[in-house]
Amino acid sequence: MNQEYVHGYEPNEAVRLQDQADTLVELLHSDTHFSEGCTVLEAGCGVGAQTITLARNSSGAKITSVDISASSLEQAESHARAAGIDNVTFQQADIFSLPFQPDSFDHVFICFVLEHLPRPADALANLRAVLRPGGTITVIEGDHGSTYFHPENEAADAAIQCQVELQRMAGGNAHIGRQLYPLLSQSGFDSVRVSPRMVYADASKPDLVDGFTKKTFTAMIEGTRGSALEAGIIEPAAFDDGVQALYRTAEPDGTFCYTFFKAVGKK
Ligand SMILES: C[S@@+](CC[C@H](N)C(=O)[O-])C[C@H]1O[C@@H](n2cnc3c(N)ncnc32)[C@H](O)[C@@H]1O
């Protein structure tokens, strides 16, 4: 999984993940607060793009942030240190063989990870095992099938479809957001609640146009150019037209919509 992770581990992907997190803080995190003294496992923390917000919103919680990638963890740790965060411990770990005793944590938080895993239900079951009875899991995922924009453009649709296809080829699922309810329920979680969180950007929200339409979504699609061409799923000119059309939606008369899904379940 580590090598197949579709977005890779290049420095500009770390910047994109940080832009994504900064832009979406309010939309995705405003209702996540863990109480004083409780233990939280953040699974797949990457370069720590969500970790800082988690730690700030729950400054009394003891957070353990794990990732399979040692280099991402190093970056996460240095971001956290630079931000003055002192309630997070970083540890290298694979979600599929977690180095924790059963019932160790009060809460689990996992964001933008299940979409890359070949067996998301097994991952959820593993995370459930380290949760104490009564503990909660919070899952956030996107769903690329929720993308629509103006002006509509077939080349843009095709470029997005490359990402969906590459993720599928690597064993993941870029449409996983819509599946969170059945996945959590089938993995044994109770009281599952899913709330869709739509991002809508137009020229009246220049920060969102810049931070989301351009620097998060379009940058993500653009970042798959090499892999898409190598996989032979699109011609270079068609891909470039698609990316250009996505940037076109960030013009003053353009609009862009995308929906994230946030789920909470209980053990
Ligand atoms: C898209 S990044 C998301 C990072 C972070 N949660 C965020 O929202 O910015 C997915 C992360 O999952 C990690 N990952 C993938 N498979 C994993 C596994 N089996 N165990 C732990 N981490 C894993 C990758 O190394 C990568 O850092």
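A. Inspection of the overall build of the chain at higher detail. Of the regular secondary structure elements, the chain holds nine helices and eight strands. Scaling as 2.2 N^0.38, a compact globule of 267 residues should have a C-alpha radius of gyration of about 18 Å, and the chain matches this with 18 Å. Judged by the C-alpha coordinates and their principal axes, the chain covers about 50 × 35 × 35 Å. Here the chain, with 267 residues, has 45% of them falling under the buried criterion. For the chain, the share of sequence-separated contacts (at least 6 apart) that also reach a separation of at least 24 residues comes to 81%.

B. The arrangement of the environment of glutamine 75 in detail. Mapped onto the fold, glutamine 75 is located in helix H3 (residues 70–82). Here glutamine 75 falls in the buried class, since 20 other C-beta atoms lie within 10 Å of it. As for glutamine 75 and valine 47, which are separated by 28 residues in sequence, their C-alpha atoms are 5.3 Å apart. Dropping the residues within four chain positions of it, glutamine 75 is found in contact with Ala14, Val47 and Gly48.

C. Local environment of the packing of helix H7 (residues 206–222) against helix H9 (residues 236–248). It is the contact of H7 with H9, at a shortest axis distance of 10 Å, that shows an interaxial angle of 175 degrees. Looking at the two axes, H7 sits roughly antiparallel to H9. Residues Lys214, Thr218, Ile221 and Glu222 of H7 form the contact with H9, whose participating residues are Val243, Leu246 and Tyr247. Taken together, the residues of the contact of H7 with H9 break down into four nonpolar, one polar and two charged.

D. Broad picture of H9. Over its 13 residues, H9 extends 18 Å from the first C-alpha to the last, a length consistent with the 18 Å expected when each residue adds 1.5 Å. By the burial criterion, the buried members of H9 are Phe239, Gly242, Val243, Ala245 and Leu246. Buried positions in H9, seen along its axis, are confined to an arc of 160 degrees and lie on one side of it. Along H9, the residues that are exposed and aim more than 90 degrees away from the buried face are Pro236 and Ala237.

E. Quick look at the nonpolar core. One finds Ala43, Val108, Ile110, Leu127 and Val139 to be the most contacted residues of the largest nonpolar core, which totals 48 residues. With residues near it in sequence (within four places) discarded, valine 139 still touches Ile110, Leu114, Leu180, Leu184 and Ala263. If you look at the next biggest cluster of nonpolar residues, it comprises 24 residues, including Phe149, Leu208, Phe217 and Ala245.

F. Structural context of the environment of serine 227. Relative to the helices and strands, serine 227 resides in helix H8 (residues 225–230). A count of 18 C-beta atoms within 10 Å places serine 227 in the partly exposed class. Counting along the chain gives 189 residues from serine 227 to cysteine 38, while the straight-line C-alpha distance between them is 42 Å.

G. Just the pairing of strand S5 (residues 131–141), in detail. Counting buried residues in S5 gives eight out of eleven residues, a clear majority hidden from the surface. When strand S4 (residues 105–111) meets S5, the two strands line up parallel, connected through six bridges. Pairing of cysteine 111 across the sheet is with isoleucine 140, part of S5. In this region the chain leaves S4, passes through helix H4 (residues 120–129) and returns to the parallel neighbour S5; the handedness of that crossover is right-handed. The pairing of S5 with strand S8 (residues 255–266) spans six bridges and is antiparallel. The residue of S8 that forms the bridge with threonine 136 is lysine 266.

H. Fine view of the pairing of strand S3 (residues 88–92). Relative to S3, strand S2 (residues 62–67) is paired through five bridges, and the arrangement is parallel. Across the sheet, threonine 64 pairs through a bridge with threonine 89, a residue of S3.

I. Region of interest: the packing of helix H5 (residues 154–169) against H9. Put simply, H5 and H9 touch, their axes get as near as 7 Å, and they point 110 degrees apart. Taken together, the axis directions place H5 and H9 in an arrangement best described as roughly perpendicular. Residue-level inspection shows Ala155, Ala156, Ala158, Ala159 and Cys162 of H5 in contact with H9, the latter providing Ala238, Phe239, Asp241, Gly242, Val243, Ala245 and Leu246. The class makeup of the residues in the contact of H5 with H9 is ten nonpolar, one polar and one charged.

J. Up close: unusual backbone geometry. Residue proline 151 follows histidine 150 across a cis peptide bond; omega there is 0 degrees. The topology assignment puts proline 151 in the loop between strand S6 (148–150) and H5. Although it is not a glycine, aspartate 103 adopts a positive phi angle of roughly 60 degrees. Its place among the elements puts aspartate 103 in the loop between S3 and S4. Aspartate 103 gets classed as partly exposed once you count the C-beta atoms within 10 Å, which come to 14.

About the cut-offs
Residues numbered from 1 in each chain as written. Predicted model: local features only at pLDDT ≥ 70, side-chain atom pairs only at ≥ 80, totals over all residues. Helix = DSSP H or I, 4+ residues; strand = E, 2+ residues; numbered from the N terminus. Rg over C-alpha atoms; globule rule 2.2 N^0.38 Å. Buried ≥ 20, exposed ≤ 12 C-beta atoms within 10 Å, placed from the backbone. Contact = placed C-beta atoms within 7 Å. Axes fitted to C-alpha atoms, helices over the stretch in contact; angles between N-to-C directions. Parallel < 35°, antiparallel > 145°, perpendicular 65-115°, else oblique. Nonpolar A, V, L, I, M, F, W, Y, C, P; charged D, E, K, R; others polar. Expected span 1.5 Å × (residues − 1). Arc of directions from axis to C-beta. Core = buried A, V, L, I, M, F, W, Y, C linked by C-beta atoms within 7 Å. Pairing = 2+ DSSP bridges. Right-handed = clockwise from strand over helix to strand, strands pointing away.

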